[in-house]
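# Topology and contacts: notes
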Number of protein chains: 2
Amino acid sequence: MAAVEAPQTVGRTPRVDAARLAVVVLVGAAIWLVPEPAGVQPRAWHLLAVFVAMMVGIVLRPLPMGAVAFVATAFAVLSGTLTIAEATAGFGNTVVWLVVAAFFIATAFVKTGLGTRIAYHFMRVLGKRSLGLAYGFIAADLVLAPAIPSNTARAGGVLYPVLRSLCVSLGSDVELGTERRIAAFLTFTAYQGVVVTSAMFLTAMAANPLVAELAGQQGVELSWPLWALAASVPGVLSLLLVPALIYRLYPPQITSTPTAPELARQRLAELGAMKRDEWILLAVFVCLLSLWILGGTLGISATTTALAGVAAMLATGALAWSDLLEERNGWDTLIWFAVLVMMASQLGELGLLAWFTDQVSGVLATGHWLPAFLSLSLIYFYVHYFFASNTAHVSAMYAPFLALALAVGTPPVLAALVLAFFSNLFASLTHYGTAAAPILFGSGNVDIGTWWRLGALISLVHIAIWLGAGSLWWRLLGLW
Amino acid sequence: MAAVEAPQTVGRTPRVDAARLAVVVLVGAAIWLVPEPAGVQPRAWHLLAVFVAMMVGIVLRPLPMGAVAFVATAFAVLSGTLTIAEATAGFGNTVVWLVVAAFFIATAFVKTGLGTRIAYHFMRVLGKRSLGLAYGFIAADLVLAPAIPSNTARAGGVLYPVLRSLCVSLGSDVELGTERRIAAFLTFTAYQGVVVTSAMFLTAMAANPLVAELAGQQGVELSWPLWALAASVPGVLSLLLVPALIYRLYPPQITSTPTAPELARQRLAELGAMKRDEWILLAVFVCLLSLWILGGTLGISATTTALAGVAAMLATGALAWSDLLEERNGWDTLIWFAVLVMMASQLGELGLLAWFTDQVSGVLATGHWLPAFLSLSLIYFYVHYFFASNTAHVSAMYAPFLALALAVGTPPVLAALVLAFFSNLFASLTHYGTAAAPILFGSGNVDIGTWWRLGALISLVHIAIWLGAGSLWWRLLGLW
């Protein structure tokens, strides 16, 4: 997911894991040196070598993801595989700037304090009981999700600080050995909530627009309103069921939290009345949501809306230019996102995806698409045990798996949506599955065994809900 | 020049100067509402309104330059003047990424300490006398200039800290009232040196590649080697003459500085042997210069070279990814540069520049080009009294003045070069003329009166050298 620094970049040395870098180079060199198969031009094959090496690099992380993408691009240009104009064209992609602009909007939620205020509001209303608190955090997360594409920012920047101060006030703290009172339950529920809310909006997770772009390259348009509408029913079901399930299987020791609403009220009193910048952000946020929903009808692209929202905040001073310049995650995302989109699009233009589809569609049995697609999507889901980032997984596997699904005859929108949603939901599995995971796991409130056991169980619930209720809902909507 | 924050962005409020913003909006609205002249399409006229308002905004700074550019772009798209794809295309421009990559290389010079080491080396060799010290700083500046497009980084990040510690050790400090011993002389010479070195390489000042891009849009290619070659003779003359002139008219009280080389030796001893990262940077730097010079012959673009240099430092760990993500000036430049290039190119494509040239070439007298061009270039130079940034001046005036110069019949390369070099040299005039100025002026070592008086005199020296010796040299090179 979005742009968390790998441990090796903290401090000045060591910044490069040489052994892993060697593996990356060897993989790339091996593919590069194999003669290209018939029907593939040499340049396409060389780009595939660079692309695969980059994917291995994104997974193994000899360097942070953005640096891997940067180095791969420089190599592709220097070796004559891409022209410099082709290589930099990705930075002009409109979807890239949708994501970057959304990062700037997320910054405003954190800097103005509106995100925290929203979290305290839900805590005040829903916080009398432990389960209510969990739903309160999830509700706050859901409200923020459409405008905060970094689940790290939602979980780490907004929810976790509120959650932590609440747990301490309730005497539940891992340092005192009392985390099972309530901290463990709330932490794990908040994490599983972020996983679902990330799946629910095109702009709720940094790799979602990448998914949309990759699907678009194969002819399936996933617009902002289509995504939100398709995710709404299964998303709400998951958000309702999963906390109840965790409450049953991993219950907090206290079920009643009468002091929590009072704490929230107190914190809101400390925050005082909504400040000017918060009102501006709120107005911008409402306009953003409206235009993202109605943009298709009005002919305003999602990127235009996002840029205009940021511009409105800059012009009114609700967001300072220096806040943007310091938004490291936004710049990081700019680089890796642009490179991935550019490489994927070049691979498509050089005919590699078409060649791949030709190859596999010849090999695949010509039975009904359903069992084939079920297998494909389950493999796509559970392979995530081997990934520490949604983005790495999406950029390595979304395009070929969608191509395979289409080749076996799956209805295109169904295939694109299932793989899109799974691109978020698979993060339920592990304590490193997406960038928000290490933050919440790092609290120490939840042990690994529980995380994995419950994560596996929750993955089954998600799959049942999204493939079952989801596909029915999409059928009702006439999407397939 | 590059990306120094306006004072209003320091701290959280006030971030916007509402009165100035109102002026910007009024200017834009006035042009927008005037009916377009015959021969201009409405869309071109509206874009001109946005562009002129943006220029006024860059000069008046109701917001930092990057924010002005961002807001102008959002408005252009939202108003239907540009499509979103046209608006973001500028971010894919190869020249934009040459500048951004060069900012990253500059970061490496500061972070590894190699820049400081080079400055001490020259101080050790040339530092026995005051005038020698001045030439030493200029030599260090000249060595760093090709790879550091931010004259702020050269003057403020590398030279000034060395200069300041030297002056303190020589007992010359504005706080003691002893700045005229040597600090005043060295500070002013270092500033005037940076002005000249900025003019000498395409990559020595952030707006130089913008100049090249704007010239390219009018059919004059200013490549890296052409720029360096053309600037070499007049540049060296300016660098030799100006310090001697300052030494004569604004002399330091001490002329002999026998302890300076010793101080430099001591500081170099403290730095120890060249570190691994410095060696890597040095190697990269040598490759960069070679490939920038030979790139045309080898078919490697300047951007490819710069990206490869950054990639080499990332892959070897000489530069950390986090160093790049924190390079605010680079990201700032990315935004304003891409927007300016995009708008200028759109104005060209919509036929506005051609229309403008048609209008003026009809009006202009049909005498010899020489007096007309002399007047144009002198106006271009001295209008800089009204600008606080090279970039603002270049982006507002370079393209129309070049168009005018071409319309009166000036040889194209001559016109493009003179205006290009003047785009740096005009910063000699004032204590706010380019981003490095406030840093050195802010030291308090030099009073405003001296700065302006000597600045005006030095401007005459530059004009004589660059128009006189320069044009002869370019004639010899067969450029006109």
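Residues numbered from 1 in each chain as written. Chains lettered and ligands numbered in written order. Predicted model: local features only at pLDDT ≥ 70, side-chain atom pairs only at ≥ 80, totals over all residues. Heavy atoms only, no water.

### Focus on the interface of chain B and chain A
Taken together, the contacts link 51 residues of chain B with 51 residues of chain A. Taken together, both faces of the contact between chain B and chain A bury some 4400 Å²; the carbon and sulfur share is 74%. The tally of links from chain B across to chain A stands at four salt bridges. Applying the counting criterion to the chain B and chain A interface returns ten residue pairs in polar contact (both at pLDDT 80 or more). Listed by contribution, the elements that provide at least two residues to the side of chain B that touches chain A are helix H3 (65–78), helix H4 (84–89), helix H5 (94–112), helix H14 (302–315), helix H15 (321–325) and helix H16 (328–349) of chain B. Residues of the side of chain B that touches chain A, tallied by class, amount to 30 nonpolar, twelve polar and nine charged. (Contact = heavy atoms within 4.5 Å. Buried area = accessible area lost by both parts, 1.4 Å probe. Salt bridge = Lys/Arg side-chain N within 4 Å of Asp/Glu carboxyl O. Polar contact = N/O pair within 3.5 Å; in protein donor to acceptor, adjacent residues only side chain to side chain. Helix = DSSP H or I, 4+ residues; strand = E, 2+ residues; numbered from the N terminus. Nonpolar A, V, L, I, M, F, W, Y, C, P; charged D, E, K, R; others polar.)

### Here's the deal with helix H7 (residues 130–144) of chain B
Residue and element names in this part refer to chain B. Compared with the 21 Å implied by 1.5 Å per residue over 15 residues, the 22 Å span of H7 between its first and last C-alpha is a close match. Here H7 lies mainly inside the structure; eleven of its 15 residues are buried. Among the residues making up H7, those that are buried are Ser130, Gly132, Leu133, Ala134, Gly136, Phe137, Ile138, Ala139, Ala140, Asp141 and Leu144. Turning to H7, the residues buried within the fold contact H5, helix H6 (114–126), helix H8 (151–169), helix H9 (183–200), helix H11 (224–249) and helix H12 (259–271). (Expected span 1.5 Å × (residues − 1). Buried < 20%, exposed > 50% of the residue type's maximum accessible area, 1.4 Å probe, protein only.)

### What to know about the pattern of salt bridges
For the structure shown, the criterion picks out 22 salt bridges over all chains. Its salt-bridge partner being Asp141(A), residue Arg154(A) comes within 2.6 Å of it at the nearest N-O pair. Of the two residues, Arg154(A) sits in helix H8 (residues 151–169) while Asp141(A) sits in helix H7 (residues 130–144), which places them 13 residues apart along the sequence. When salt bridges that share partners are traced, they join Arg15(A), Arg276(B) and Asp277(B) into one network.

### What about the relation of the copies chain B and chain A?
The two chain copies are related to each other by a rotation about an axis together with a translation along it. Between chain B and chain A, the superposition needs a rotation of 180 degrees and an axial shift of 0.0 Å, giving an RMSD of 0.1 Å. Each copy turns onto its partner about a two-fold axis. The rotation axis passes nearest to the C-alpha of Gly92(B) in chain B, at a distance of 2.1 Å. An overlap of 100% is found between the interface residues of chain B and their copies at the interface of chain A, pointing to a shared contact surface. (Least-squares fit on C-alpha atoms with pLDDT ≥ 70 in both.)

### Comments concerning the packing of helix H11 (residues 224–249) of chain A against helix H22 (residues 448–476) of chain A
Residue and element names in this part refer to chain A. Running from amino to carboxyl end, H11 crosses H22 at an angle of 150 degrees, the nearest separation of the two axes being 9 Å. The orientation of H11 relative to H22 falls into the category roughly antiparallel. Handedness of the H11/H22 crossing: right-handed. Looking at the contact of H11 with H22 residue by residue, the class counts come to 20 nonpolar, five polar and no charged. (Axes fitted to C-alpha atoms, helices over the stretch in contact; angles between N-to-C directions. Parallel < 35°, antiparallel > 145°, perpendicular 65-115°, else oblique. Left-handed = near helix turned anticlockwise from the far one by under 90°.)

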